[in-house]
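Results of the structural survey
Okay, here's what each chain looks like letter by letter:
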Amino acid sequence: MTPPERAETQTTGRSAQTATLAEIAREAGVSAPTVSKVLNGRADVAPGTRNRVEELLRTHGYRRRRTESSRSPLLDLVFHELESAWALEVIRGVENVARDAGLSVVLSESAGRLTPGRTWADQVAARRPHGVILVLSELDETQRALLTSRSIPFVVMDPAGDPGADVPSIGATNWQGGLAATRHLVELGHSRIGAISGPSRMLCSRARVDGYRAALETAGLPVDHSLVATGDFHHESGYRLGLELLRRPDRPTAVFAGNDLQALGLYEAARELGLRVPEDLSVVGFDDLPVARWVGPPLTTVRQPLTEMAEAAARLVLELGRGEGAQAATRVELATSLVVRSSTAPPAA
């Protein structure tokens, strides 16, 4: 007879214990098949019952024993939004690793929210993927507990906030990138340098602006906070905020944009106002999307190795699923680099 499925539990101040699904079911006042339905993300469980069982699974620190045969040949890839070329670079990297591992990729979008909805977590439990990669997203405690109890590993790529020491994550050297972009402009002779950042709630955006400030301070230049505008990483905000900066009587002679899309919006604002890039305005972006090479003039930008970051995240989540990544670094940052093209030049005399 097959022994009842057991799970390790951890309790503060007490020795480790074990709990079977039958014991959890008895404590919840439901049948063992009902607990199994909750674990498998089945929809035919009443919300109150599901919440009660999930709470007990968390209390007992339940972690399902997973075998290779119990997993679907899938990797879940979650974006907070999908509508940019940036996302395509990430998808390409995850697909490269998934293809070599014989897996397919399931794409999800949280419609601009940094945390996916509750139904998403249940759907993942039902799919039983090899792992989950979250891009510019994060999980709440309940979602983390749900994935952990099903032994579904997860990795955050380019975390929106501080993911915590126990959450594996892959990022880039955003501060160094902001520093390099601004230092390049300073070395060209610019002293009045503006910035259009991404959302202040995002860790990568804050780090880039911090690098911008550090470069100015290191060069002995004042940081004019009125020249720092907060955008949303979209073309439209680069255009709108670019108009505001460039219409000033004391406009900047150079602008560091928080990403390439905002830099392209800034290009449009400059053209509308009759300003030439780079003769009247130098522009530096961030990401080095393929479009940065095609625009006129080609965009000077900070290369963020998006495809390599996605590949690293996919490899890490698969290693965690095999039990090989337990000792791996929880935070990995890949290097950024400045790519100088034709959108920057010394300021006009």
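The paragraphs below set out a description of the structure included in this document. Predicted model, so just to flag it, every value in this text is computed and none were measured. (Residues numbered from 1 in each chain as written. Predicted model: local features only at pLDDT ≥ 70, side-chain atom pairs only at ≥ 80, totals over all residues. Heavy atoms only, no water.)

On to the packing of helix 7 (residues 174–187) against helix 8 (residues 203–218), then. In contact at an axis separation of 7 Å, helix 7 and helix 8 are set at 35° when each is read in the N-to-C sense. In the packing of helix 7 onto helix 8, the handedness of the crossing is right-handed. Between helix 7 and helix 8, the residues in contact are Asn174, Trp175, Gly178, Leu179, Thr182, Arg183 and Val186 and Cys204, Ala207, Arg208, Asp210, Gly211, Tyr212, Ala214, Ala215 and Leu216, respectively. Partitioned by chemical class, the residues of the contact of helix 7 with helix 8 number 9 nonpolar, 4 polar and 3 charged. (Axes fitted to C-alpha atoms, helices over the stretch in contact; angles between N-to-C directions. Helix = DSSP H or I, 4+ residues; strand = E, 2+ residues; numbered from the N terminus. Left-handed = near helix turned anticlockwise from the far one by under 90°. Contact = heavy atoms within 4.5 Å. Nonpolar A, V, L, I, M, F, W, Y, C, P; charged D, E, K, R; others polar.)

Read from one edge to the other, the open sheet built from 6 strands follows the order 4-3-5-6-7-13, with strand pairing classed as parallel. The open sheet is flanked by strand 4 (104–109) and strand 13 (331–334), the only strands paired with a single partner. The sheet shows a mean angle of 20° between the axes of neighbouring strands, taken without regard to direction. Across 4 bridges, the pairing between strand 5 (residues 131–135) and strand 6 (residues 154–157) is parallel. The partner of Leu134 across the bridge, within strand 6, is Val156. In the packing of helix 12 (residues 306–321) onto the sheet, the strands contacted are strand 3 (74–79), strand 5, strand 6, strand 7 (169–172) and strand 13, and the crossing angle to strand 6 comes to about 165°. (Pairing = 2+ DSSP bridges.)

Moving on, we come to the side chain of Gln304. By secondary structure assignment, the location of Gln304 is in the loop between strand 12 (300–303) and helix 12. Note on Gln304: relative accessible area 2%, which makes it buried. The residues touching Gln304, leaving out its near neighbours within four places in the chain, are Trp86, Asp158, Ala172, Asn174, Arg208, Phe286, Asp287, Met309 and Thr336. (Buried < 20%, exposed > 50% of the residue type's maximum accessible area, 1.4 Å probe, protein only.)

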